[in-house]
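A look at the structure
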Amino acid sequence: MGSTDGYEMMDVYKIKGGNHLSGAIRVDGGKNSAVALIPASILANSVVEIEGLPDISDVLMLKKILEEIGGEVTFKDGKMIIDPTCMVNTPLPSGNVKKLRASYYLMGAMLGRFKHAVIGLPGGCFLGGRPIDQHIKGFKALGAQVMTNEQEIVYLRADELHGAKICLDVVSVGATINIMLAAVLAKGQTVIENAAREPEIVDVASLLIKMGAKIKGAGTNSISIDGVEKLDGTKHTVMPDRIEAGTFMIMAAAVGDGITIDNVIPSHMEALIAKLREMGVQVQEGKDSIFIPKSKNLKAIDIETSVYPGFATDLQQPFSVLMTQAEGSSTITDTIYSERFKHIDELCHMNASCRMEGGKAIITGSTLLTAASVVASDLRAGAALVIAGLLAEGETEIREIHHIERGYSKIIEKLQGLGADIHKDRQLV
Ligand code: EPU
């Protein structure tokens, strides 16, 4: 947003719904992997190259943060080259760290390298409470002293990090990766029990292993890490974004006339594929692509999100839009983020029949959605509204699109490639 004479300039998406979308759409590298791989480079003693990164604001923000601490970083055509040798232990109490959730990975990486870090608590999407107590529990078990002050700045310091057995109280992607980052250069063996099993954890472990780390069990609920003296630079390609892929699959089921989604690992998508099939959507799996033909006669279903390999919380908001096109009442329960339902009111503005009851979203269809001016309250809510706009009669306007651009690379161009009538506009508000 910028200011002109008391008014604010704001970027919005404008979508004219109803176009028949077809063709192929390519998935970029995974956001939630990228935002951990980039901080992991801090741990290396020479250049790290990461390819296939998505062109999203979270990645650009992390580049800036690495530069703030003295890293030499270039980013072009999805390839980031990071020279961490001149990085210094710069305090990061505010500023860019507040602009994304994943800045919490700087805690593990800087603690691992410098044994000392000062980092402001992270920002990111509001999805209800998002504590980091399990990250801190892990750092303390490794020998760090951790203090958070009233300004929400976390101070971490250790004379020496030593391996420990850590059993997470809550299965957490962020805590699992952060503890790995802090433990790879610690003395002795660390074991993380009740670890998260998401593919992003395997991707980060794979980068660290190429750097020389000794990690076993990533992708299972017990990960062991034998600390090493040093980590070297390496090259790595980020895994495909399974949430972007899932968003496109849901969009294809909702508005597609036959869409191929390229650069997907189908085994990452099993819970979503099962739910789409239960609804009556045909899903044709290729080696690294998925084809979804035009769907018809969608049936209402129930969804409960859970940790991987369960149904991803990040996909329930886009999925709720597909439910508006199914006959009967569908429900969504989010066991990971119980308040991740801010998009429901916006869908109601677009004529969807949906409500919250006892913590569940209840969506009754099928309804013809109609255009409205709506607000993307968070990243996946924004993705849901884009799909709703593609379905709706008339011109939908989506505001607060900076949330969408934190996680979806070149979304306008990609959707235009399928025949969508969508563009970015700048307007005074
Ligand atoms: N939790 C705690 N204590 C902790 C950490 C987590 O109680 O110390 C709770 C959370 O409140 C939540 C659950 O554990 O109820 C799972 O949280 P997790 O730590 O797994 O989430 P996260 O690492 O903060 C990542 C993704 C999210 C995604 C979740 C769940 C990144 C940067 N973010 O968050 O992605 O929803 O895992 O899969 O990797 C998104 O992409 O839109 C997004 C929000």
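Residues numbered from 1 in each chain as written. Predicted model: local features only at pLDDT ≥ 70, side-chain atom pairs only at ≥ 80, totals over all residues. Heavy atoms only, no water.

**Focus on the packing of aromatic side chains**
Aromatic rings in a pair are described by how distant their centres are and how their planes are angled relative to each other. For the coordinates displayed, the defined rule picks out two aromatic pairs. The interplanar angle of 80 degrees and the centroid separation of 4.7 Å between the aromatic rings of Y104 and Y105 together place this pair among those described as edge-to-face. Accessibility expressed as a relative area gives 10% for Y104, which makes it buried. Look at F311 and F319: their rings are 5.6 Å apart centre to centre, the planes differ by 85 degrees, and that puts the pair in the edge-to-face class. Judged by relative accessible area, which is 5%, F311 ranks as buried. (Phe/Tyr/Trp six-rings, centres within 6.5 Å; stacked < 30°, edge-to-face > 60°. Buried < 20%, exposed > 50% of the residue type's maximum accessible area, 1.4 Å probe, protein only.)

**Some thoughts on the sheet that holds strand 8 (residues 145-148)**
Reading across the sheet, the three strands line up as 7-9-8 and stay open at both edges, with antiparallel pairing between neighbours. Strands at the two margins of the open sheet, each flanked by one partner only, are strand 7 (116-120) and strand 8. Here the strands of the sheet are splayed against their neighbours by 10 degrees on average, with no regard to which way each runs. Across five bridges, the pairing between strand 7 and strand 9 (residues 153-157) is antiparallel. Considered in strand 9, the bridge of H116 is made with R157. Each of strand 7 and strand 9 is contacted by helix 3 (residues 105-114), which is oriented at about 160 degrees to strand 7, the strand it contacts most. (Pairing = 2+ DSSP bridges. Helix = DSSP H or I, 4+ residues; strand = E, 2+ residues; numbered from the N terminus. Axes fitted to C-alpha atoms, helices over the stretch in contact; angles between N-to-C directions. Contact = heavy atoms within 4.5 Å.)

**Structural notes on the pairing of strand 13 (residues 222-226)**
In this sheet, strand 13 lies alongside strand 11 (residues 189-193) in antiparallel orientation, the contact comprising five bridges. Looking across to strand 13, one finds that V191 is bridged to S224. Counting the residues that bridge the hairpin from strand 12 (residues 214-216) to strand 13 gives five residues, and of these G217 lies at a positive phi of roughly 95 degrees.

**Here we look at the site of the ligand**
Lining the immediate environment of the ligand, one finds 25 residues, of which Q134, S172, D314, I336 and R380 sit closest. Within the side chain of N32, one N or O atom sits 3.1 Å away from an oxygen atom of the ligand. G174 is positioned such that a nitrogen or oxygen atom in its backbone is 2.8 Å from an oxygen atom of the ligand. Out of a free accessible area of 820 Å², the ligand has 90% covered by protein chains. Mapped onto the shell around the ligand, the elements with two or more residues apiece are helix 1 (31-40), helix 4 (133-141), helix 5 (173-183), helix 9 (313-323) and helix 11 (379-391). Broken down by class, the residue content of the shell around the ligand amounts to eleven nonpolar, seven polar and seven charged. Counting contributing residues per domain, the shell around the ligand is built from domain 1 (2-28 + 240-428) and domain 2 (31-237), each supplying no fewer than three. (Near = heavy atom within 4 Å. Polar contact = N/O pair within 3.5 Å; in protein donor to acceptor, adjacent residues only side chain to side chain. Areas by Shrake-Rupley, 256 points an atom, 1.4 Å probe, with all protein chains shown as cover. Nonpolar A, V, L, I, M, F, W, Y, C, P; charged D, E, K, R; others polar. Domains from an automatic or database assignment.)

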